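Structure assessment
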Amino acid sequence: MSIQWPKTNDAIGAVNRGDAAESGLCTLCTAACKGKCETWLSSMIGRKLLYPRDFGTITSGSRNTTHLGISYNSLRIQGYNYGAKGLPNGLSDSADDCIFPNVNIGGEFGREIKTKYSIPIMTGALGSTFIAAKYWDSFAIGASLVGFPIVVGENVVGIDKKAELKDGKITKAPELDRRIDTFLKYYDGNGAIIVQLNVEDTRNGVAEYVIDKYGDKVVIELKWGQGAKDIGGEIQVTSLDYALFLKERGYVVDPDPTKPEIQEAFKHGAIKSFARHSRLGYTNLSSTDKVKEDFMKSVDYLRKLGYKRISLKTGSYGMEALAMSIKYATEAKLDLLTIDGSGGGTGMSPWNMMETWGVPSIYLHAKAYEYAKMLADKGEDVVDMAFAGGLAREDHIFKALALGAPFTKLVCMGRSVMIPGFVGSNIEGVLHPDRREKLNGNWDELPKTVSGLGKDADDIFAGYYDVKKKVGTKEIEKIPYGAIAVWTLCDKLAAGLQQLLAGARKFDVDQISREDLFSANRDTEKETGIPFITDVADDNAKKILKG
Ligand code: SF4
């Protein structure tokens, strides 16, 4: 059965530009979009979008009364009519203290060195894909101001024409420097900059370069895979010279730009672009034991280089790889393991691969919990985990954290936290045409979906004055509107998450548990181990009735 996710949400006034994916985002999200899905609107309107529109003149009702199939949308969130758990210090259990704005959603992950965050989200890996480079300032400054981890994905150095390599190792990496420095400029102790290593990055000496230049300000991430594809990262280039440069740098470039017949076809316009691919990892290893040995050696090497914080990102491979990632990351005492379900991405993963390969998020995450618990029951100190794959809203954050509790610390959001970067850059490009090219703004004028909200940054973005308060009157002039939009979206996610937690009577996000969920159909119950709605606390209910 194929489920059609709704494209319109009349209650909050949101409409998807294209087909909707499980996340609620379009299957194709374009940086030029003039609106207006929930995430796009939230990037300007912020927490007001938690509520139906036109208060005072409407009534509204949920359409979520049927839950078909197995997905995060077939989990529902618990609420209780008494009690309060996890009250932060200084708060009593009085109704005056137990209000949703008092719910703590900040936390930390890691082993010896704890990495703090103010909201339990992180970005997906934003690597060599051009859209990541174009809107990086918005993403990185937004993440830094809000205080959540951002990931520099693979191949950033390899495709940088200005990067210099000597004897195959990097000596200069301006784009990677820009990515790291932009985040660090506003970093105030919350969040982190994480740099990924794939096969090519390892060969190029990214780890050695980063530790020499930035020390342990950076978290280094080993990369096994992602949800979008099970081949390495890809980009598309439209210049023959650039394709030849990438081939020279050692990448797989398809079609091969060194072949005369391909060059001829390109000159005649029959071939318009080239795809640059990465390599697969561990191709020379034939058993899990050998992979483990190699992985442990890599971790040791990174530690010897001086890295204090190391993470692993794995994709939606099958159960064996999932178990390997949890067990090896735990034994290696890593700081974080990100588990990415199929199937969205930020780059150019082959479409039918995204549609058909790998383990969808909810199945993968449910098994991740089961395997983590097996280790915990044996007394192992299980690695902190982040769940990723098709998660965009505050209810998704709640559900993913609860499904993997107590092992999940963060929810990794790829496409959704990029949308405010696009929206803000497009608006800034119209209001300040001199900045448009640098910002990669796509609009000539404000669409009605924006001009109806205001005419300048301070009346368009609900979060503008909060950011101004944080950075000061002078510095606000330097903050990209895309970063203000990231702040505004996160404010909505934060308030929504606080409300859901307060309803579940959890006043600290670290109190979230699997008991805070129930399955809305029997198939989801079977796959996740989360009991069906009316089975949860049914025994208690009957005791009350018999009492
Ligand atoms: S911002 Fe992206 S996901 Fe949202 S409506 Fe536009 S294209 Fe769709």
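Structure's up top.
Residues numbered from 1 in each chain as written. Predicted model: local features only at pLDDT ≥ 70, side-chain atom pairs only at ≥ 80, totals over all residues.

**As for the overall build of the protein**
Convention followed: Helix numbers and strand numbers start at the N terminus; a helix is a DSSP run of H or I with at least 4 residues, a strand a run of E with at least 2. Only C-alpha atoms enter the radius of gyration; for comparison, a globular chain is expected to reach 2.2 Å times N to the power 0.38, where N is the number of residues. Comment: burial labels come from other C-beta atoms within 10 Å of the residue's own C-beta, placed from the backbone, where a count of 20 or more is buried, 12 or fewer is exposed, and between is partly exposed. We call two residues in contact when their backbone-placed C-beta atoms lie within 7 Å.
Assigned secondary structure in the protein consists of 21 helices and 20 strands. Here the protein has a C-alpha radius of gyration of 23 Å; the compact-globule value for 547 residues is 24 Å, and the two agree. Burial analysis of the protein (547 residues in total) assigns 47% to the buried set. Once local pairs closer than 6 in sequence are excluded, the contacts in the protein between residues at least 24 apart make up 73%.

**Details of the environment of tryptophan 224**
Along the chain, the position of tryptophan 224 falls in the loop between strand 12 (218-223) and strand 13 (234-237). Sequence separation between tryptophan 224 and cysteine 33 is 191 residues; the distance between their C-alpha atoms is 32 Å. Leave out the neighbours within four places in its chain, and tryptophan 224 touches Gly281, Leu312, Lys313, Thr314, Gly315 and Ser325.

**Description of the sheet that holds strand 16 (residues 310-314)**
Quick note on the threshold: Two strands qualify as a pair provided that DSSP identifies no fewer than 2 bridges between them. A fitted line through C-alpha atoms represents every axis, and for helices the fit uses only the stretch in contact; the resulting angles, taken between N-to-C directions, go from 0 to 180 degrees.
Strands sit in the order 6-19-18-17-16-12-11-8-7 across an open sheet of nine strands; the sheet is parallel. A strand with exactly one partner marks an edge of an open sheet, and here the two such strands are strand 6 (121-123) and strand 7 (125-126). Pairing geometry for strand 12 and strand 16, over four bridges, is parallel. The residue bridging isoleucine 220 from the neighbouring strand is isoleucine 310, located in strand 16. In the packing of helix 10 (residues 319-331) onto the sheet, contacts are made with strand 16 and strand 17 (336-340), and the angle to strand 16 comes to roughly 175°.

**What to know about the pairing of strand 18 (residues 385-388)**
A two-sided burial pattern is seen for strand 18, the buried positions comprising Met385 and Phe387 on one face and Ala386 and Ala388 on the other. Bridge count between strand 17 and strand 18: four bridges; the pairing is parallel. When the bridges of strand 18 are listed, leucine 337 appears paired with methionine 385.

**Describing the site of the ligand**
Worth spelling out the cut-off: Proximity of a residue to a molecule or strand is defined by its backbone-placed C-beta atom lying within 6 Å of that partner. Residue polarity follows a fixed list, in which Ala, Val, Leu, Ile, Met, Phe, Trp, Tyr, Cys and Pro are nonpolar, Asp, Glu, Lys and Arg are charged, and the others, Gly among them, are polar.
The ligand sits among Asn16, Arg17, Gly18, Leu25, Cys26, Cys29, Thr30, Cys33, Cys37, Thr39, Trp40 and Ile419. Grouping the constituent residues of the shell around the ligand by class yields seven nonpolar, four polar and one charged.

**Topic: the sheet that holds strand 15 (residues 274-277)**
Judged by pairing direction, the sheet is antiparallel, and its three strands sit side by side in the order 13-15-14 without closing on themselves. This sheet does not close on itself; its edge strands, each paired only once, are strand 13 and strand 14 (252-254). On average, adjacent strands in this sheet sit at an angle of 25° to one another, irrespective of strand direction. As defined by bridge partners, strand 14 adjoins strand 15 across three bridges and the pair is classed as antiparallel. Opposite valine 252, over in strand 15, you have histidine 277 as the bridge partner.

**Quick look at the environment of aspartate 160**
Mapped onto the elements of the fold, aspartate 160 is located in the loop between strand 8 (150-152) and strand 9 (164-166). Classification of aspartate 160 as buried rests on a count of 20 C-beta atoms within 10 Å. Taking the C-alpha atoms as reference points, aspartate 160 and isoleucine 105, 55 residues apart in sequence, are found 37 Å from one another.

**As for the packing of helix 3 (residues 136-146) against helix 19 (residues 481-503)**
Worth spelling out the cut-off: Roughly parallel means an angle under 35 degrees; roughly antiparallel means over 145; roughly perpendicular covers 65 to 115; every other angle is labelled oblique. The sense of a crossing depends on the near helix, which, turned anticlockwise from the far helix by less than a right angle, makes the crossing left-handed and, turned clockwise, makes it right-handed.
Running from amino to carboxyl end, helix 3 crosses helix 19 at an angle of 45°, the nearest separation of the two axes being 7 Å. The angle between helix 3 and helix 19 falls in the class oblique. Between helix 3 and helix 19 lies a crossing of right-handed hand. Note on element contacts: helix 19 touches helix 3 through Gly482, Ala483, Val486, Trp487 and Cys490, opposite Ser138, Phe139, Ile141, Gly142, Ala143, Leu145 and Val146.

**Here's the deal with helix 6 (residues 206-214)**
Rules: The arc refers to the directions leading from the helix axis to the C-beta atoms.
Of all the positions in helix 6, only Val206, Ala207, Tyr209 and Val210 are classed as buried. Seen end-on, helix 6 carries its buried residues on one side only, within an arc spanning 165°.

**Side note on unusual backbone geometry**
Look at the link from glycine 35 to lysine 36: it is a cis peptide, with omega at -5°. In this fold, lysine 36 is placed in the loop between strand 2 (14-15) and helix 1 (38-45). Residue proline 255 follows aspartate 254 across a cis peptide bond; omega there is -5°. Summarising the element assignment, proline 255 is placed in the loop between strand 14 and helix 8 (260-267). Positive phi, close to 60°, is recorded for asparagine 440, a residue that is not glycine. Residues other than glycine seldom take positive phi values, yet alanine 537 does so here, at roughly 60°. One can find alanine 537 in the loop between helix 20 (522-528) and helix 21 (538-546).

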